[in-house]
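Residue-level structural notes
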Amino acid sequence: VIPAEIIKKKRNRFELSSEELAFMVNGYTSGQLPDYQMSALLMATFFSGMSEVETSALTQIMLDSGQRVQFEDSGKVVDKHSTGGVGDKTSLILAPLLAACGLKVPMMSGRGLGHTGGTVDKLESIPGFRTDLSLADFKKQVDEIGCAMVSQTGEICPADKKIYGLRDVTATVESLPLICASIMSKKIAEGIGGLVLDVKYGSGAFMKTEDNAKSLAAGLTRVGEDHGLKVKFLITNMDQPLGAFVGNLVEVAECLAIMTGDDCLGAEEQSFNDCKELTIELATQMIQVSDLAMEETEARKKVIAALDSGQAFETFAKMCHLQGGNLGAIQLPTAFSTVVAESSGYIESYNTEQIGIAAIELGAGRKTLNDKINPLTGLRVHKKVGDLVEAGEPLFTLFAGKEVPEATQAKALINQSVAYSEAPIATTPLVLFRE
Ligand code: URA
């Protein structure tokens, strides 16, 4: 087989066979196929696309490149995947919440990507918390307490890990079939029977329009169903940060507040209502993709009871303890600066991606691969789109553990991200669509 012939076939928009895809992917993973030929194939795929059959075949090949977790009763094993946003912290609550509802959640997550935050970075802001469990320990903990939250181990989909690294530096991340195969291979490898997708659209999402989000949701769903998963998706709005905080430890603190009913760094409970509401909605759908036979209203009641009774928090605390985290050692950061409204009026919109970039400027994310994040930095969002503000009123509070020289830059970005309107604003529902 000649690699250039396979690349040419894809370049000329023909469908590759499963054998041809396996030859390239396995050759690359084992080191026999060089970076330049895989890069060329990825770019050809970016422009030519892939059929549904090819996308499913690629998913299977990536899945077969590593190990798969197996649970005895996969009908009770579920997970959620979000396509990423700003202040999107629902995973931290969902895993223990669903465990408290009697399901198993083997959650494998990522670090921050682009302007968005990552679950692994957030968890690691808890002193001592380890996300690098072995696959065996991961499974053992899920069997024991119902959930574990880890980063992608080298044992899971090594082909995806290597190819994703190459895509990141060859401008081939934003390809629908490549995204679908990458995300779904890792989710299927977790051994789940059901998956809920939170596909975000808007100024803080990777997909800026509802239509693009729907295409991605349909692609991900198809691949999941081809591999025997029960899949549901929500299309949700990311035109403003979710909840009240953006960062790492401040987001963990917000999740703890939602699970305990306490307030958080001076923010009262209603300021994270949207985050709580979305968490409850996602959790309800996660029960729906499991084989717990339950009507939706009944599932929602069960979820709210597990959250409000403190059971979700108890499970979260157990998970922290087992993964080395010490909740008692958390020292919350202090507020050091505010950004105030420049005009009076209604908040018309936020450029949410820019708010995510401001958080990265403060040190909450990475600018280059090897940067260390500062877990203590972050920001509080005081106003939601549609809220009425007066000039001079605080819009954002900035938090840090130590002095942040980049704060001036971050404040400028935040200031520019806000648009004001004299007339009241019709707001968009948080959950736009579900299927
Ligand atoms: N996240 C992934 O894991 N893979 C992609 O391709 C994009 C986002």
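Above this text sits the structure in question.
Structure report, in brief. This structure is a prediction, so every number in the text was calculated from the model and none was measured.

Moving on, we get to the pattern of salt bridges. Applying the stated criterion across every chain, the model contains 31 salt bridges. The residue K187 makes a salt bridge to D79 at a minimum N-O spacing of 2.7 Å. With K187 in helix α9 (residues 176–189) and D79 in strand β1 (residues 78–82), this residue pair connects regions lying 108 residues apart in the sequence. Side by side, K187 and D79 carry an identical accessibility label, which is buried. K276 is the partner of E269 in a salt bridge, and the nearest nitrogen-oxygen pair spans 3.8 Å.

Relative to strand β10 (residues 388–389), strand β8 (residues 345–350) runs antiparallel, the two sharing 2 bridges. What sits directly across from Y346, in β10, is L388. Taken together, the 4 bridges between β8 and strand β12 (residues 418–421) define a ladder with antiparallel strand orientation. Opposite Y346, over in β12, you have S421 as the bridge partner.

A separate point is the environment of C255. With respect to the helices and strands, the residue C255 is situated in helix α11 (residues 249–260). Assessed through its relative accessible area of 1%, C255 is described here as buried. Sequence spacing of C255 and T90 is 165 residues, and the spatial spacing of their C-alpha atoms is 7.8 Å. Setting aside residues up to four positions removed in sequence, C255 forms contacts with K89, L92 and I93.

Further remarks concern the packing of helix α2 (residues 18–29) against helix α3 (residues 35–48). Each packed pair of helices is defined by two parameters, the angle between the axes and the distance between the axes. Two numbers describe how α2 lies on α3: the axes approach to 10 Å, and their chain directions differ by 140°. One element, α2, and the other, α3, form an angle in the oblique class. Here the hand of the crossing between α2 and α3 comes out left-handed. In this structure, α2 uses M24, V25 and Y28 to contact α3, whose residues at the interface are D35, Q37, M38 and L41.

Further remarks concern the packing of aromatic side chains. The description of two aromatic rings rests on the distance between their centres and on the angle between their planes. A complete count under the given rule lists 3 aromatic pairs for this structure. On the basis of an interplanar angle of 85° and a centroid distance of 5.2 Å, the ring pair of F46 and F47 is categorised as edge-to-face. For F46, a relative accessible area of 30% corresponds to the partly exposed category. Judged by its relative accessible area of 57%, F47 is exposed. Between Y350 and F396, the ring centres sit 5.8 Å apart and the planes meet at 70°, which makes this aromatic pair edge-to-face. Taken together, the residues Y350 in strand β8 and F396 in strand β11 (residues 394–400) connect sequence positions 46 residues apart. Over the aromatic face of Y28 sits the side chain of K162, whose NZ or CZ is 4.5 Å from the ring centroid.

So, on to unusual backbone geometry. Positive phi outside glycine occurs at R13, with the angle close to 70°. Here R13 shows up in the loop between α1 (3–11) and α2.

Near the ligand the following residues occur: Y164, R167, I179, S182, I183 and K186. One nitrogen or oxygen atom from the side chain of R167 is found 2.9 Å from an oxygen atom belonging to the ligand. Within the complex, the protein chains bury 81% of what would otherwise be the 240 Å² of accessible surface of the ligand. The leading source of residues in the shell around the ligand is α9, at 4 residues. Class assignment for the residues of the shell around the ligand results in 3 nonpolar, 1 polar and 2 charged.

Our next topic: the sheet that holds β10. Pairing in this open sheet of 3 strands is antiparallel, and the strands run β10-β8-β12 from one edge to the other. Of all the strands in the sheet, the pair left with one neighbour each is β10 and β12.

A few words now on the nonpolar core. Counting 83 residues, the largest nonpolar core has L97, L98 and F396 as the members making the most contacts within it. The element best represented in this core is α11, accounting for 9 residues. Excluding residues within four positions of it along the chain, L98 makes contact with L103, V105, A283, M286 and I287. The next biggest cluster of nonpolar side chains, apart from the first, holds 34 residues, and it includes C180, L195, A213 and V223.

A few words now on the sheet that holds strand β9 (residues 378–381). What the 4 strands build is an open sheet, ordered β6-β9-β11-β7; its pairing is antiparallel. Each having just a single partner strand, β6 (245–247) and β7 (334–340) make up the two edges of the open sheet. Here the strands of the sheet are splayed against their neighbours by 25° on average, with no regard to which way each runs. In terms of strand pairing, β6 meets β9 through 3 bridges, oriented antiparallel. Across the sheet, residue V246 finds its bridge partner in β9, namely L379.

What follows concerns the environment of S421. Its place among the elements puts S421 in strand β12. Along the backbone, S421 and T368 are 53 residues apart, and their C-alpha atoms lie at a distance of 37 Å. Apart from the residues within four sequence positions on either side, S421 is in contact with G345, Y346 and E348. Among the polar contacts listed, one links the side chain of S421 to the backbone oxygen of A423, at a separation of 2.6 Å.

Attention now goes to the side chain of T83. Note on placement: T83 falls in the loop between β1 and α5 (90–100). By relative accessible area, T83 is classed as buried at 14%. Within the local environment of T83, its side chain forms a polar contact with the backbone nitrogen of K200, the two atoms lying 3.0 Å apart. Every residue in contact with T83, bar those within four places of it in the chain, is listed here: D198, V199, K200, F206 and L216.

What counts as what
All residue numbers refer to position in the chain's written sequence, counted from 1. pLDDT decides what is reported in this predicted model: residues at 70 or higher carry local features, side-chain atom pairs at 80 or more are listed and counted, and totals for whole chains, interfaces and linings draw on all residues regardless. Side-chain measures here rest on the full set of heavy atoms in the structure, leaving out hydrogens and waters. Salt bridges are counted wherever a side-chain nitrogen of Lys or Arg sits within 4 Å of a carboxyl oxygen of Asp or Glu. Counting from the N terminus, the helices are the DSSP runs of H or I reaching at least four residues and the strands are the DSSP runs of E reaching at least two. Exposed residues in this analysis have more than 50% of their type's maximum accessible area, buried residues have under 20%, and partly exposed residues fall in between, with area computed by a 1.4 Å probe over protein chains only. Note: two strands are recorded as paired if DSSP finds a minimum of 2 bridges between them. Any two residues having at least one pair of non-hydrogen atoms within 4.5 Å are treated as being in contact. Every angle, taken between N-to-C directions, lies between 0 and 180 degrees, and every axis is a line fitted to C-alpha atoms, over only the stretch in contact when it is a helix. Small angles under 35 degrees read as roughly parallel and large ones over 145 as roughly antiparallel, with 65 to 115 read as roughly perpendicular and the rest as oblique. Here is the rule for handedness: rotate from the far helix to the near one, and if that takes an anticlockwise turn smaller than a right angle the crossing is left-handed, while a clockwise turn gives right-handed. Two aromatic rings, drawn from Phe, Tyr or Trp (for Trp, its six-membered ring), form a pair once their centres lie within 6.5 Å of each other, and the interplanar angle then sorts them: stacked below 30 degrees, edge-to-face above 60, tilted otherwise. A ring is scored as having a charge over it whenever the NZ atom of a lysine or the CZ atom of an arginine sits within 6 Å of its centre and within 35 degrees of its normal. Being near a molecule or strand, for a residue, means having at least one of its heavy atoms within 4 Å of it. Under this definition, polar contacts are N or O atom pairs within 3.5 Å; protein pairs additionally need one hydrogen-donor-capable and one acceptor-capable atom, and for neighbouring residues in sequence, both atoms have to be side-chain atoms. Note on areas: these come from Shrake-Rupley sampling with a 1.4 Å probe, and a residue is covered only by the protein chains present in the view. Amino acids are sorted into nonpolar (Ala, Val, Leu, Ile, Met, Phe, Trp, Tyr, Cys and Pro), charged (Asp, Glu, Lys and Arg) and polar (every other residue, Gly among them). The nonpolar core is taken to be a set of buried Ala, Val, Leu, Ile, Met, Phe, Trp, Tyr and Cys residues, with the residues joined through side-chain atoms within 4.5 Å.

The analysis is restricted to geometry; functional conclusions fall outside its scope.
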